[in-house]
Amino acid sequence: MIILAAISSQTVSTGSSANLLNLWLVYSIAALGFYWIFALGGRFAFSQTFMMALGGYTTAFFDRNGVGFLGCVLAAVVVTAVAAFVIATVLWRAEHFYFALGTLAVTEIGVVVFGKTSPFTGTNGNITGIGYPVVLGRELRTDGEVFWLLTAVLAALVLLTIWVKRSPVARDLTAVREMTTVSKTLGVPVDALRMTTFVTGSAVGGLAGALITHWQGFIGVDSFGLNLGIGLFLMVILGGLASHWGALIGAAFYVAVPELLSGLQQYMSILYGVLLLVIILIFPSGLIGMFDTLARRRRVNDPGTAPS
């Protein structure tokens, strides 16, 4: 992350791609939350965009009531964590496909409710004039200033993910994901681990929603629809489930491709579908797996790097 910040700071200072970089950082945060739910916890959920919207509307509500930036963001994280706990409790007996359908229903209902609850979400789900992020008394008004805030948040979440994956609990998470029934018979706290990863990942989604709301200064219900939910799924799958870095790589791919192929915007859905099929069939471990495979082949084919 430090190297990334050093490379990107010059780009941000010129302002040429600051908006895209910030969008990538926000999507990386949301995708990393989904990685916790899907890759670590073994639960497929379509509720991540609902959590982003809930976090965004919560932070906007508290902002309009005079609460400071950090208080607004903290409230958004707490509210989304509580909502995730309630949703997971209601759907807990549902498995796999049915759990995914249940979270999809929650998202669709949430979109309708957010568009109708004016006191909380504004007229037709649109709120403008939301305060800029404020850190240590400094108001972050430009994309370049917000970039460093988003980078710091993403770096902290990546470090937390690395710590979890290197801790003893990682073995239990793998067992829960791969052999749920066997794990229960061996005394592994399956329900507790699943609940923890789902609530944590959802809270990270709420955090992403709060940050993008303060950064852009507005929030609209149309920004958190099913398309973004599918997009988050694509980010993690395309990047690779084997590593948390895959979420960041997938988010970069998701943000960069429409910009690079702006002339083919009407075919973007087809393009993503084809790319997803190619990745699944040829590189099932995602883009990060593809890079590892190419690197290994290069070491094998390069006599200078071959082991002695």
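> Looking at this model, I keep getting lost on the packing of aromatic side chains. Mind explaining?
Two descriptors summarise a pair of aromatic rings, namely the distance from one centre to the other and the angle between the planes of the rings. In the structure shown here, the tally under the stated rule is 15 aromatic pairs. For the pair F38 and F233, a centre-to-centre distance of 6.4 Å together with 50° between the ring planes defines the contact as tilted. Taken together, the positions of F38 in helix α2 (residues 18-40) and F233 in helix α11 (residues 226-239) put the pair 195 residues apart, joining distant regions of the chain. The class for F38 is buried, based on a relative accessible area of 19%. A relative accessible area of 22% means that F233 is categorised as partly exposed. Through a chain of ring-to-ring contacts, three or more aromatic side chains come together here, namely F50, Y57, F61, F62, F114 and F120. In this structure, R43 is placed above the aromatic ring of W92, and the distance from its NZ or CZ to the ring centre is 4.8 Å. The ring centre of F99 lies 4.1 Å from the NZ or CZ of R43, which sits over that ring.

> Sorry, what's going on with empty space enclosed by the protein here?
If a probe the size of a water molecule is rolled over the atoms, the empty space left behind becomes visible. As enumerated under the stated definition, the model contains 1 cavity of 30 Å³ or more in all. Looking at the lining of the largest cavity, the elements with two or more residues in it are α3 (48-64) and α11.

> Honestly, the pattern of salt bridges in this entry has me stumped. Any pointers?
When charged atoms on two side chains of opposite charge get close, those side chains can pair. Applying the stated criterion across every chain, the model contains 3 salt bridges. Residues R177 and E178 are paired through a salt bridge, measuring 3.5 Å at the closest nitrogen-oxygen approach. Judged by relative accessible area, R177 falls into the partly exposed class, the value being 31%.

> It is not clear to me how the packing of α3 against helix α5 (residues 97-116) should be interpreted in this structure. Could you clarify?
Two packed helices can be described by the angle between their axes and the distance between those axes. Viewed as axis vectors pointing N to C, α3 and α5 meet at an angle of 30°, and their least axial separation amounts to 9 Å. If you check the angle between α3 and α5, you find them roughly parallel. As α3 runs across α5, the sense of the crossing is left-handed. Contacts from T49, F50, A53, L54 and Y57 of α3 reach α5 at V106, T107, G110 and F114.

Definitions and limits used
Residues numbered from 1 in each chain as written. Predicted model: local features only at pLDDT ≥ 70, side-chain atom pairs only at ≥ 80, totals over all residues. Heavy atoms only, no water. Phe/Tyr/Trp six-rings, centres within 6.5 Å; stacked < 30°, edge-to-face > 60°. Helix = DSSP H or I, 4+ residues; strand = E, 2+ residues; numbered from the N terminus. Buried < 20%, exposed > 50% of the residue type's maximum accessible area, 1.4 Å probe, protein only. Lys NZ or Arg CZ within 6 Å of the ring centre and 35° of its normal. 1 Å grid on protein atoms, 1.4 Å probe; cavity = no way out; pocket = protein on both sides within 12 Å on 5 of 7 lines; lining within 4 Å. Points joined across faces, edges and corners; volume = space filled by probe spheres on them. Salt bridge = Lys/Arg side-chain N within 4 Å of Asp/Glu carboxyl O. Axes fitted to C-alpha atoms, helices over the stretch in contact; angles between N-to-C directions. Parallel < 35°, antiparallel > 145°, perpendicular 65-115°, else oblique. Left-handed = near helix turned anticlockwise from the far one by under 90°. Contact = heavy atoms within 4.5 Å.

Shape descriptors only; they carry no functional weight alone.
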